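Residue-level structural notes
Chain residues, written in single-letter form:
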Amino acid sequence: MADDTAQDTPEAPTVPEPVTLYGCITSESRGQTVLHPSRENYLATVKAMADDGYTMCVDLTAVDYLELPNRALPEGVAAERFELVVNLLDMVGTPGAGARRARLRVQVPADDAEVASLFHIHPGTEAMEREVFDMFGIVFSDHPDLTRILMPEDWVGHPLRKDYAIGSIPVQFKQVGER
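Residues numbered from 1 in each chain as written. Predicted model: local features only at pLDDT ≥ 70, side-chain atom pairs only at ≥ 80, totals over all residues. Heavy atoms only, no water.

The next thing to look at is the nonpolar core. Among the nonpolar cores identified, the biggest contains 27 residues, and Y42, L60, L84, V86, L104, V132 and I138 are the most heavily contacted of them. Mapped by element, the contributors of at least two residues to this core are α2 (39-51), β4 (56-64), β5 (82-94), β6 (98-108) and α3 (126-136). Those residues in contact with I138 that lie beyond four places of it in its chain are A62, F82, A113, V115, V132 and F133. (Core = buried A, V, L, I, M, F, W, Y, C linked by side-chain atoms within 4.5 Å. Buried < 20%, exposed > 50% of the residue type's maximum accessible area, 1.4 Å probe, protein only. Helix = DSSP H or I, 4+ residues; strand = E, 2+ residues; numbered from the N terminus. Contact = heavy atoms within 4.5 Å.)

This is the structure we're talking about:
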């Protein structure tokens, strides 16, 4: 008598290898390639991309995920409180395909909120990195002038952090007709 239990056992699903680009795990979001470099590989990844034609940094900002620690990320990417988001553009692109865009999402831990500065690759990031430093408290090592850009120099705290206390400024109103 033949044993047909082996025929009834479904095969284990194969898990596809994560797609990598420039040595980074990638994903897709709204038709755009998203790279997930580690903090340690961030600068080398941006340098390799600049050498490959991504010569413009369109945007550099951060997100505080304090209240969303279990957000969806590709397998192999560990979520941290902060995420540095960088958008790069290759204006020439490839023949027949045109310009290329890529987004980088770098996980930054709250207890060591420091990443390398892109200033020496993309000088236009100078003010963007200062803004992220000012609003989120993420430090950019080797930045030429990492000082506050929006808040007064003596300001305490970083207003876009989710645990930053909401403040208020008293406003005095006059009655209509009063001068």
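Here the structure, examined in full by the defined rule, presents zero aromatic pairs. Above the plane of the ring of Y65 lies R71, whose end atom (NZ or CZ) is 3.8 Å from the centre. (Phe/Tyr/Trp six-rings, centres within 6.5 Å; stacked < 30°, edge-to-face > 60°. Lys NZ or Arg CZ within 6 Å of the ring centre and 35° of its normal.)

Our focus in this paragraph is α2. Under the 1.5 Å per step criterion, the end-to-end length of α2 is 19 Å for 13 residues, consistent within 8% with the ideal 18 Å. What α2 keeps buried is the set R39, Y42, T45, V46, M49 and A50. Taken around the axis of α2, the buried residues stretch over an arc of 130°, which confines them to a single face. Of the exposed residues in α2, the ones pointing more than 90 degrees away from its buried face are E40, A44 and D51. Where the residues of α2 are buried, they touch β2 (24-29), β3 (32-36), β4, β5, β6 and β7 (114-116). (Expected span 1.5 Å × (residues − 1). Arc of directions from axis to C-beta.)

Pairing within the open sheet is mixed, and its six strands lie in the order β1-β2-β3-β6-β5-β4. Edge positions in the sheet fall to β1 (20-21) and β4, since each of these pairs with one other strand and no more. As judged from the two bridges shared by β1 and β2, these two strands associate in the antiparallel manner. Across the sheet, residue T20 finds its bridge partner in β2, namely I25. Where α2 meets the sheet, it contacts β2, β3, β4, β5 and β6, and its direction lies at approximately 170° from that of β6. The strands touched by α3 within the sheet are β4 and β5, with β4 carrying the most contacts at an inclination of about 5°. (Pairing = 2+ DSSP bridges. Axes fitted to C-alpha atoms, helices over the stretch in contact; angles between N-to-C directions.)

Here the structure, examined in full by the defined rule, presents eleven salt bridges. As a salt-bridge pair, D51 and K47 come within 2.9 Å of each other at their nearest N and O atoms. Within this pair, D51 and its partner K47 are both found in helix α2, separated by four residues, close to a single helical turn. Residue D51 is classed as exposed on the basis of its relative accessible area of 58%. D163 serves as the salt-bridge partner of R81, at 3.0 Å between the closest nitrogen and oxygen. Of this pair, R81 sits in the loop between β4 and β5 while D163 sits in the segment after β8 (139-141), and the two are 82 residues apart along the sequence. Relative accessible area serves as the criterion here: at 15%, R81 is assigned to the buried category. One network of salt bridges, with partners in common, ties together D52, D90 and R100. (Salt bridge = Lys/Arg side-chain N within 4 Å of Asp/Glu carboxyl O.)

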